[in-house]
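Results of the structural survey
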Amino acid sequence: MGQSVRNVVFDFGAVLFTWQPGVLVKAHFPQQAATPDAAAQLAHAVFGHADWHNFDRGVLTADTVSARTAARLGLPEPALRALIDGIAEHLQPMSDTVVVLDQLRAMRDLQPDKLRLYFLSNMPVPYARVLSGKHAFLGWFDGGIFSGDVHHIKPEPEIFELLENRYALVPGQTIFIDDLASNVNCARRRGWQGIHFESAAQLQAQLMPLLV
């Protein structure tokens, strides 16, 4: 993949925390999401729209997103607001990946001058604050950026540049782990290395040989 890795950057959703949008919409809209295909389509309509991206970006509130999305899709707003309010609870640690992160933490603690840990997550501010206050393992990171705090989202190059500049990351010595190939490809275009996350075992197999 290139140079030896000194900076490991994690995405959160579907890498370190569960993110199953189809499950979410099916739980709150069982009639509209009665089949897997219908659930996938509804999830995309909710979470793939510019309004949700702007919630991620920190420029729309939950109230605004709820009202707009309910009107746009003809959904009952109380149920949609319940879905939105329940997402922080839905985001549960993925234990297998946390084990990999713990291994990296132990390596970093032995040689902090050779390995640093960061995160780069598309995350609305309300959820970011809940996660930060709830999960002690987030304290293992040396730093990171939530999209809602900086008004940029992946795969926009600006958010990668912000992380790079804030922590003086050398691109070729930095690797980004994300479940979305488009985000990994954006990092690679900046000269970072990248792993398209599929499982903790696959991550461990691809990442560990680079940490020399």
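One structure accompanies this document, and this report is about it. Note that the structure is predicted; figures quoted are calculated from it, not measured.

A closer look at the sheet that holds strand E5 (residues 193-196)
The five strands are arranged E3-E2-E1-E4-E5 in an open sheet whose pairing can be described as parallel. The sheet terminates laterally at strand E3 (143-146) and E5, the two strands that pair on one side only. Each adjacent strand pair in this sheet contributes to an overall mean axis angle of 15 degrees, direction not counted. Lying on the sheet, helix H7 (residues 95-110) is in contact with strand E1 (7-10) and strand E2 (116-121); it crosses E2 at an angle near 140 degrees.

Let's talk about the layout of surface pockets
Roughly 610 Å³ of volume is contained in the largest pocket. Along the walls of the largest pocket sit 27 residues, with Trp19, Phe47, Asp56, Asn122 and Leu180 positioned nearest its centre. Those elements that place two or more of their residues in the lining of the largest pocket are helix H2 (36-47), helix H3 (50-57) and helix H11 (181-189).

Regarding the pattern of salt bridges
Going through the model one piece at a time under the given rule, you end up with 14 salt bridges. A salt bridge links aspartate 109 to arginine 108; its shortest N-O distance comes to 2.7 Å. With a relative accessible area of 8%, arginine 108 lands in the buried category.

Re helix H4 (residues 62-73)
End to end, H4 covers 16 Å across twelve residues, agreeing with the expected 16 Å (1.5 Å per residue, within 8%). Within H4, the full set of buried residues consists of Ala62, Val65, Ser66, Thr69 and Ala70. One side of H4 carries all its buried residues, which in axial view fall inside an arc of 120 degrees. Its buried side turned inward, H4 meets H2, H3 and helix H5 (77-85). Following H4 by one or two positions, glycine 74 adopts a phi angle in the positive range, close to 65 degrees.

Rules and cut-offs
- Just so you know, the residues in each chain are numbered from 1, in the order the chain's sequence is written.
- Given that this is a predicted model, residues contribute local features only at a pLDDT of at least 70 and side-chain atom pairs are listed and counted only at 80 or more, while totals for whole chains, interfaces and linings are drawn from all residues.
- No hydrogens and no water enter the side-chain calculation; it runs on all heavy atoms of the structure.
- At least two bridges found by DSSP between two strands is the condition for calling them paired.
- For the purposes of this entry, the term helix denotes a DSSP run of H or I that reaches at least four residues, the term strand denotes a run of E that reaches at least two, and both are numbered from the N terminus.
- Interaxial angle, 0 to 180 degrees, is taken between N-to-C directions of lines fitted to C-alpha atoms, where a helix line uses only the stretch in contact.
- Note on contacts: a residue pair qualifies if any of its non-hydrogen atoms lie within 4.5 Å across the two residues.
- Here a cavity denotes a set of grid points, spaced 1 Å apart and computed over the protein atoms alone, in which a 1.4 Å probe fits but from which it cannot get out, and a pocket denotes an open set meeting protein on both sides within 12 Å along at least five of seven lines; residues with an atom within 4 Å of a point are reported as lining.
- Grid points are joined across faces, edges and corners, and a volume is the space filled by probe spheres set on the points.
- We count a salt bridge whenever a side-chain nitrogen from Lys or Arg sits within 4 Å of a carboxyl oxygen from Asp or Glu.
- Think of it in three bands: with a 1.4 Å probe and only protein chains considered, a residue is buried below 20% of the maximum accessible area for its type, exposed above 50%, and partly exposed in between.
- Multiplying one less than the number of residues by 1.5 Å gives the expected span of a helix.
- The directions considered for the arc run from the helix axis to the C-beta atoms.

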